[in-house]
Structures are given as structure tokens and as C-alpha cells.
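Read off the chains here:
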Amino acid sequence: MTLPFFVYGTLRPGEVNHDLFLRGRVRSEEPGVLADAVLYEGPGYPYAVEEPGGGVVRGELVTALPEAYGVLLAELDRLEEYVPGDPRSLYVRVERKVLREADEAAVRAWVYVAGQGVAARLRDAGRRVEGGEWRGRRPDPG
């Protein structure tokens, strides 16, 4: 299944991982919003935690070039430390509907959300990113 990716942290345009992973491999990048999720600060990168009615996370819908899709999917899984079926994964890749801002269309996309253990720790003691917007933030040194 070739779905676009919804990116909300270091893979966004202007952030550290955008050029390393996405430059020259995407057909389009469009602003989007993931509902029913809260953004938390991580060690230099954010985590989206699913929370019905909890808020929104802002980012981009990234559509990969068809010839780059398979390799890009595998590289993003490694970057996000996602291993299917492994409960220790930092992130889990899930299919969710993301609202494309330009026309308010709901688009099915891959989203990397916090894994179960990480999400539980963040809900207990994490620091929320108000408004769900990571762009332009500087990493928390501590």
C-alpha cells in the first residue's frame, strides 16, 4: 500500500532530517493536520501520542516519488526505530486520516506515533507542545 507520509517533526521542510531523507524523493509536500493526537517533546524530536478528543498535530503530507517509495519506507522505519510487532519500538507506523489544509480533504497516510511504552511515559510525565506545532522549536537540552 503506497500511502503518503504525515511528518510533524525533524522530517518537515527546514528541519534536520528533511534533506537527509526526503530531498529529491518526493512529489509533493502539503500542510496537514492530524486530529485526536497530542504532541510531546522528546530528546530533540517530538512524539505524537494518539488521544481521542485531545488535540491536533500539525505537519506535512509527503507524497513520495513512486520509484523511491519502497526504499524511503524502509529508511523511515529505521529512523523512527519501528520494528513491526516489537513492543519496544519507539514509534509505531499506523494508517490514519489526515486533513489536508488546502482543501480540507481527509487523506489516508502513514503516521509514526509514539509506541505504547513511550506513550504511557509521556502521558504520565511528558511535556506537551501547545498547539501541536513543532516547526522552529529548538531541542530541549535536558
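Residues numbered from 1 in each chain as written. Predicted model: local features only at pLDDT ≥ 70, side-chain atom pairs only at ≥ 80, totals over all residues. Heavy atoms only, no water.

Asks: Explain the pattern of salt bridges residue by residue, including any values.
Replies: Considering all chains together, one arrives at twelve salt bridges under this definition. With its nearest N and O atoms 3.1 Å apart, the salt bridge here joins Arg88 to Asp86. For Asp86, a relative accessible area of 22% puts it in the partly exposed group. Two residues, Arg108 and Glu95, come together in a salt bridge whose shortest N-O distance is 2.5 Å. Here the residue Arg108 occupies a position in strand S7 (residues 105–114), and Glu95 occupies one in strand S6 (residues 91–100), the gap between them amounting to 13 residues. In this structure Glu95 comes out as partly exposed when scored by relative accessible area, which is 29%. Connected via shared salt-bridge partners are Arg12, Glu60, Glu133 and Arg135. (Salt bridge = Lys/Arg side-chain N within 4 Å of Asp/Glu carboxyl O. Buried < 20%, exposed > 50% of the residue type's maximum accessible area, 1.4 Å probe, protein only. Helix = DSSP H or I, 4+ residues; strand = E, 2+ residues; numbered from the N terminus.)

Asks: Now, about the side chain of His18: what can you tell me, with residues and values included?
Replies: Along the chain, His18 falls in helix H1 (residues 16–21). Polar contacts involving the side chain of His18 include one to the side chain of Asp19, which spans 3.2 Å. Contact partners of His18, with chain neighbours within four places excluded, come to Thr10, Leu11, Arg12, Pro13, Arg23 and Glu29. (Polar contact = N/O pair within 3.5 Å; in protein donor to acceptor, adjacent residues only side chain to side chain. Contact = heavy atoms within 4.5 Å.)

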